[in-house]
Amino acid sequence: MIIAPNAATNRPSAQYKHIDVRPLTGALGAEIFNVNVTQLSTSEIAEIKQALSDHLVVFFRDQELSIEDQETFTLHFGDYGIDPFVPGLEDHPHVLRLVKEADESTGYVFGGAWHSDWSFQEAPPSYTILYGYDIPPYGGDTMFANLYQAYEMLSPEMRRVCELLQVTHSARQGYAPSMAGVHDLYENMEVIASEEALNINVHPMVCRHPVTGRKLLFLTGVYSIGIEGMHQDEADTLLNFLKQQIEHPVNTCRFRWQKGSIAMWDNRCALHLPMGDYHGMRREMYRTTVAGSVPKK
């Protein structure tokens, strides 16, 4: 059973003096206005960080970024994260070019399942920054889900159970050698299948966010593949139930891209889902990540 929250958790804050922050839905997400991300003051950077803590994912419109601008913007929030399996640009190794051309033969899109970026790493990235350089007139929205609220919507007894469990995370369903044929569907991107994708890291099912201190349900879609101490069928039953909780519409927001839009989200407390509904149209995006820390209870 999906239990809806008693009230919207994504509320405006009175703390912002230098940026205009407007919540997008009752669950998560906010648009930030009156900001040029290439000319940020120290105060604006601090308030963007606060907005990320308050709203989990923030969106900017009408930005013009060069590759160097995106690198500078990213480094305001920490060191670069490590991006496995997808090479960066030759002269900018921490910047990924995500492109789908209009003449591609399938509608398959990179990352087209609910996930948190690279949760299979020992220290997954904290933030992801995605810039829309060339955007189709419609389609290709990105959905986001709130892992705090997913935890809070559980019964007290289910929370207690989840707090005892450890989840195995792996990239095998996306990047193992057996997936090499699927990668051929990325006709204009290089995606590498590797034995390294079979590696596993174990993280608590319920973590505390290192900045906010709030508890959250750290299940990361396709990368959460099992539960320590459980048979696979037992783990799948519980994981599927919890994933339904996370992905329920009441727990999500949906962002419609425009040219010059930026989405920036916190992988520690939000999942995302790219929509692959723009087959026959071109889209080009640029992505960077910010290094994170080991998830802890």
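Structure first, text after, so check above.
Parameters at a glance
Think of each chain on its own: its residues are numbered from 1, step by step along the sequence as written. Given that this is a predicted model, residues contribute local features only at a pLDDT of at least 70 and side-chain atom pairs are listed and counted only at 80 or more, while totals for whole chains, interfaces and linings are drawn from all residues. Only hydrogens and water are removed before side-chain values are computed, so all heavy atoms of the structure are retained for them. Only runs of H or I of at least four residues qualify as helices and only runs of E of at least two qualify as strands under DSSP, and these elements are numbered from the N terminus. Within these notes, the globule rule equals 2.2 Å times the number of residues to the 0.38 power, and the radius of gyration is based on C-alpha atoms. Accessibility here uses a 1.4 Å probe with only protein chains present; expressed as a share of the type maximum, an area under 20% marks a residue as buried, one over 50% as exposed, and anything in between as partly exposed. Note on definitions: a residue-residue contact is assigned when non-hydrogen atoms from the two residues lie within 4.5 Å. The charge count treats Lys and Arg as positive and Asp and Glu as negative. His and the chain ends do not count. To locate a charge, take atom NZ for lysine, CZ for arginine, CG for aspartate or CD for glutamate. A pocket here means an open set of points on a 1 Å grid, computed over the protein atoms alone, that has protein on both sides within 12 Å along at least five of seven lines. A cavity is instead a set of points where a 1.4 Å probe fits but cannot get out; residues with an atom within 4 Å of a point line either one. Grid points are joined across faces, edges and corners, and a volume is the space filled by probe spheres set on the points. Gly counts as polar in this scheme, as do all residues outside two lists: the nonpolar Ala, Val, Leu, Ile, Met, Phe, Trp, Tyr, Cys and Pro, and the charged Asp, Glu, Lys and Arg. If DSSP finds at least two bridges between two strands, the strands pair. Every axis in this analysis is a line fitted to C-alpha atoms, fitted for helices over the stretch in contact. Angles between the N-to-C directions lie between 0 and 180 degrees.

Asks: Can you tell me about the overall build of the chain, naming the residues and giving the values?
Replies: In terms of regular secondary structure, the chain is built from 7 helices and 15 strands. By the compact-globule yardstick of 19 Å for 297 residues, the chain fits well, its C-alpha radius of gyration being 19 Å. Oriented by its inertia axes, the alpha-carbon framework of the chain measures out at about 50 × 50 × 35 Å. Per-residue burial over the chain gives 52% buried out of 297 residues. Residue pairs at least 24 apart in sequence account for 82% of intrachain contacts in the chain once pairs closer than 6 positions are excluded. Of note, the chain has its 23 positive side-chain charges centred 9 Å away from the centre of its 37 negative side-chain charges.

Asks: So what's going on with the layout of surface pockets? Which residues, and what values?
Replies: By volume, the largest pocket is sized at about 290 Å³. What lines the largest pocket is a set of 19 residues, and nearest its centre among them are Y108, G111, G112, G174 and Y186. Those elements that place two or more of their residues in the lining of the largest pocket are α5 (172–175) and α6 (180–183). Tallying contributions element by element places α5 first for the lining of the largest pocket, with 3 residues. Its residues assigned to classes, the lining of the largest pocket comprises 11 nonpolar, 6 polar and 2 charged. Of the pockets and cavities examined, the second largest pocket occupies roughly 250 Å³. Lining the second largest pocket are 21 residues, with I82, P84, F120, Q121 and E122 positioned closest to its centre. Partitioning the lining of the second largest pocket into residue classes produces 13 nonpolar, 6 polar and 2 charged.

Asks: Tell me what's going on with the sheet that holds strand β15 (residues 283–290), and back it up with residues and numbers.
Replies: Spatially, β1-β2-β3-β13-β5-β15-β4 is the arrangement adopted by the 7 strands of the open sheet, whose pairing is mixed. Each end of this open sheet is capped by a strand with a single partner; those strands are β1 (20–23) and β4 (96–100). Across the sheet, the axes of successive neighbouring strands diverge by a mean angle of 20°, strand direction being ignored. Relative to strand β13 (residues 262–266), strand β3 (residues 57–60) runs antiparallel, the two being bridged by 4 bridges. From the neighbouring strand, V57 faces β13, where its bridge partner is W265. Contacting β1, β2 (30–33), β3, β5 (127–134) and β13, helix α1 (residues 42–55) crosses the sheet at an angle of about 130° to β3.

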